[in-house]
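Examining the three-dimensional arrangement
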Amino acid sequence: FVGCSCASDHVFHHKSTPQINGCFEMTTNNNNIDVSSDYNDETKKKQVQHKEDLGLQTFGPSISNLKPYDPSQEPIFPPDLQVNHQKYHGKSLKFVGTTVTWLQPSSLDELIQLKTRFPTAKLVVGNTEIGVETKFKNMNYPLLISTTNVPELQAVSVSDQGITVGATVTLSQMNAELKKVISSWPEHKTRVLSAIVEMLQWFAGNQIRNVASLSGNIMTASPYQI
Ligand SMILES: Cc1cc2nc3c(=O)[nH]c(=O)nc-3n(C[C@H](O)[C@H](O)[C@H](O)COP(=O)(O)OP(=O)(O)OC[C@H]3O[C@@H](n4cnc5c(N)ncnc54)[C@H](O)[C@@H]3O)c2cc1C
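Residues numbered from 1 in each chain as written. Predicted model: local features only at pLDDT ≥ 70, side-chain atom pairs only at ≥ 80, totals over all residues. Heavy atoms only, no water.

The protein chain has the name FAD-binding PCMH-type domain-containing protein in an unreviewed UniProt entry, where Arion vulgaris is given as its organism.

So this is what it looks like as structure tokens:
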């Protein structure tokens, strides 16, 4: 990332994707996984099984383009964000890429203003559904508005009336909060919550649950997309 104009907004211009190349390198090994492996050969069968375990089967066609793993390389996190994360904490950010602009407002007012100004912009939280849509379903969202930095949407609040889950609360956060409620409320009041906690352990994996939101899941309404 290069460039940062520091008024109230911080603007990053995306120039290259070293961190993405880095991730690709971390997910492969010297034996280069061959996606055209067939199931007749025992060795290849094991390789394919291994890919399935890693979830790489989903990303089939692009795997053949991956570089071999180089242990001397580390995935690169944008250095400016790493060094200055305190400076950007709670600030409104704008990332400008070649095909996508990413806005990250820092208050509900600002979010509403942006959505009013750009009604066709796509809201994004964990990007676990939108990422799949853009990468594998040829969907194109030139303007994304991330809601993860909006304090009003980050909380889980519990009252006698029920539980309110903010639209950017991750599934992992929600899981932890529901477990607290289950341990302190009478059993007959928490059966639905227990069912949600039980279900969440079958939902994707930790990496996805750590970023994916309930709002993103409701709006996706898989398999019947809204
Ligand atoms: C490997 C993998 C495994 C998965 N496993 C499962 C699974 O087991 N079960 C399952 O149901 N899903 C699964 N998913 C799908 C996805 O992870 C979930 O639907 C997740 O909850 C989406 O949340 P998100 O925050 O990432 O949504 P995003 O991708 O950020 O957004 C999804 C949609 O919600 C909309 N949206 C988000 N927030 C709002 C808001 N506040 N107001 C209006 N619209 C909003 C977005 O505009 C977008 O259309 C999986 C995905 C992956 C990649």
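Side note on the site of the ligand
Put simply, the test is: If even one non-hydrogen atom of a residue comes within 4 Å of a molecule or strand, that residue is called near it. Any N or O atom pair separated by 3.5 Å or less is treated as a polar contact, with the protein-specific requirement of one donor-capable and one acceptor-capable atom, and with residues adjacent in sequence counted only for side-chain atom pairs. Every helix listed is a DSSP run of H or I at least four residues long, and every strand listed is a run of E at least two residues long, numbered separately from the N terminus. Residues are grouped as follows: Ala, Val, Leu, Ile, Met, Phe, Trp, Tyr, Cys and Pro are nonpolar; Asp, Glu, Lys and Arg are charged; all remaining types, including Gly, are polar.
Near the ligand you find 21 residues, and of these Leu 123, Val 125, Thr 128, Glu 129 and Ser 213 are the closest. With respect to the ligand, the backbone of Asn 127 contributes an N or O atom lying 3.0 Å from an oxygen atom. For the shell around the ligand, the elements supplying multiple residues, two or more each, are strand 4 (122-124), helix 7 (130-136) and helix 11 (214-220). In terms of residue count, the dominant contributor to the shell around the ligand is helix 11 (5 residues). A breakdown of the residues in the shell around the ligand according to their chemical character gives 11 nonpolar, 8 polar and 2 charged.

Looking at the confidence of the model for the protein chain
Here is the rule we go by: pLDDT expresses, on a scale from 0 to 100, how confident the predictor is about each individual residue. Residue contacts are counted whenever heavy atoms from the two residues lie within 4.5 Å of one another.
Per-residue confidence for the protein chain gives a mean pLDDT of 77; residues scoring 70 or more make up 71%. With pLDDT under 50 throughout, residues 1-9 is counted as low confidence; its partners more than four residues away or in other chains account for 20 contacts. Counting contacts from residues 44-54, a segment whose pLDDT is below 50, to residues more than four positions away or on other chains yields 16 contacts.

A closer look at unusual backbone geometry
We note that Asn 138 has phi near 55°; this positive angle belongs to a residue other than glycine. Structurally, Asn 138 can be placed in the loop between helix 7 and strand 5 (143-146). One non-glycine residue with positive phi stands out, namely Ala 204, at about 45°. Considering the arrangement of structural elements, one finds Ala 204 in the loop between helix 9 (191-200) and helix 10 (206-209).

Some details on the nonpolar core
Using the following cut-off: The term nonpolar core refers to a set of buried residues drawn from Ala, Val, Leu, Ile, Met, Phe, Trp, Tyr and Cys, joined through side-chain atoms within 4.5 Å. Burial classes follow relative accessibility: with a 1.4 Å probe on protein chains only, a residue under 20% of its type's maximum area counts as buried, one over 50% as exposed, and anything between as partly exposed.
Ranked by size, the top nonpolar core spans 9 residues in total: Val 169, Leu 171, Met 174, Leu 178, Val 181, Leu 193, Val 197, Leu 200 and Ala 212. Elements that contribute at least two residues to this core include exactly helix 8 (171-184) and helix 9. Considering each element in turn, this core owes the most residues, 4 residues, to helix 8. Apart from residues lying up to four places away in sequence, Leu 193 is in contact with Ile 163, Leu 178, Val 181 and Ile 182. Among the nonpolar cores identified, the runner-up in size contains 8 residues, and Leu 103, Leu 114, Ala 121 and Ile 145 belong to it.

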